[in-house]
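Listed here are the chains, written in short residue letters.
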Amino acid sequence: MNKPHTVIECRNLSKHFIDANRKINVFDGLNLRVHAGETMAIMGASGSGKSTLLHLLGGLDVPTTGEVHVCDHDMAQLNNKKRGLVRNKHLGFVYQFHHLLPEFSALENVMMPLLIARESKALARQKAREILNQVGLGERLSHRPGQLSGGERQRAAIARALVTNPDCILADEPTGNLDEDTAMSVMNLFIELNKQHQTALIVVTHDRQVAALMQTTYRLKHGDLQPLSN
Ligand SMILES: Nc1ncnc2c1ncn2[C@@H]1O[C@H](COP(=O)(O)OP(=O)(O)O)[C@@H](O)[C@H]1O
Ligand SMILES: [Mg+2]
């Protein structure tokens, strides 16, 4: 069988910040390859660079040196608009705080990425409804985020990330704000959808139990990724 294709690859990545005249080297020569459908946890102490790494992988920030390829697009070679298109087409994002728009219903929030990608309203509504059903929110379509529980909001955020059928989801502490039981049920749902849709999943987490659900786990330490056994 052919090797599964690579959805994200970064080579020799370094990122430096200048902060109050002090240079902070977050990474220096980091390499990573993510295959289609792969699930990966990234752990590491606070400040070790986990969020920075996800920003670079998602093209939300640019590396100081090195390359990030998302589905064969060299992100640094693209202008902002094209980078945005690659992001919209190939990637989904989930954060610790749901970032749903408060004035819109769950259905409208999940339709949003499709409307941005210029799908018709009718098709966007149909796809959003389907994925909201899959995450168990079929009875909550017209609820606004404020009318949903914490776990429901995260499930809506997952639905919004998945609705465009991305190749990879980047999730930054997606269960960091949930109690343990809700966290595990949200993660199990994530894994289930990852299998159904063959979406690769990179999850930054502090939670060993969450990390244990992933195929591979890395610890980010001193600017490098070290494999941990699950
Ligand atoms: N925009 C920025 N300007 C300066 N320093 C930054 C910036 N973003 C992150 N950093 C620094 O980079 C390091 C890694 O941050 P971050 O990626 O947020 O860590 P983590 O998500 O692992 O907690 C920290 O030392 C942080 O202070
Ligand atoms: Mg962080």
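Residues numbered from 1 in each chain as written. Chains lettered and ligands numbered in written order. Predicted model: local features only at pLDDT ≥ 70, side-chain atom pairs only at ≥ 80, totals over all residues.

Trainee: Could you give an account of the environment of I191, with specific residues and numbers?
Mentor: Assignment of secondary structure puts I191 in helix 6 (residues 180-197). Among the residues examined, I191 registers 15 C-beta atoms within 10 Å and is labelled partly exposed. Along the chain, I191 and E67 lie 124 residues apart, while their C-alpha atoms are 28 Å from each other. When residues no more than four places from it in sequence are discounted, the contact partners of I191 are T39 and L213. (Helix = DSSP H or I, 4+ residues; strand = E, 2+ residues; numbered from the N terminus. Buried ≥ 20, exposed ≤ 12 C-beta atoms within 10 Å, placed from the backbone. Contact = placed C-beta atoms within 7 Å.)

Trainee: Tell me about the sheet that holds strand 2 (residues 22-35), residues and numbers included.
Mentor: Strand order in the open sheet made by the four strands is 2-1-4-5, with antiparallel pairing throughout. The sheet is open, and its two borders are formed by strand 2 and strand 5 (73-74), each paired with just one other strand. As paired elements, strand 1 (residues 6-19) and strand 2 share 11 bridges and run antiparallel to each other. Bridge pairing links C10 to L32 in strand 2. Here helix 1 (residues 50-57) sits on the sheet in contact with strand 1, strand 2 and strand 4 (65-70), set at roughly 125° to strand 1. (Pairing = 2+ DSSP bridges. Axes fitted to C-alpha atoms, helices over the stretch in contact; angles between N-to-C directions.)

Trainee: Would you mind going over helix 5 (residues 150-162) in detail, with residue names and values included?
Mentor: Along an α-helix, a turn takes 3.6 residues, which lines up residues three or four apart on a common side. If you check helix 5, its first and last C-alpha atoms are 19 Å apart, about what 13 residues at 1.5 Å a residue would give, namely 18 Å. Along helix 5, 11 of the 13 residues are buried, which leaves the element largely enclosed by surrounding structure. Taken together, the buried positions of helix 5 are E152, R153, Q154, R155, A156, A157, I158, A159, R160, A161 and L162. On the buried face of helix 5, the contacting elements are strand 6 (91-94), helix 3 (106-116), helix 4 (121-134), strand 7 (168-172) and helix 6. (Expected span 1.5 Å × (residues − 1).)

Trainee: Please provide a residue-by-residue account of the sheet that holds strand 10 (residues 224-228), values included.
Mentor: Taken in spatial order, the six strands line up as 6-7-8-3-9-10 in an open sheet, and their pairing is mixed. Whereas interior strands pair on both sides, the edge strands pair on one side only; in this sheet they are strand 6 and strand 10. Pairwise comparison of adjacent strand axes, ignoring direction, gives a mean angle of 20° for this sheet. In this structure, strand 3 (residues 39-43) lies alongside strand 9 (residues 216-221), joined through four bridges in parallel fashion. Each bridged residue has a counterpart across the sheet, and for M43 the counterpart in strand 9 is R219. In the packing of helix 1 onto the sheet, contacts are made with strand 3, strand 7, strand 8 (200-204) and strand 9, and the angle to strand 7 comes to roughly 155°.

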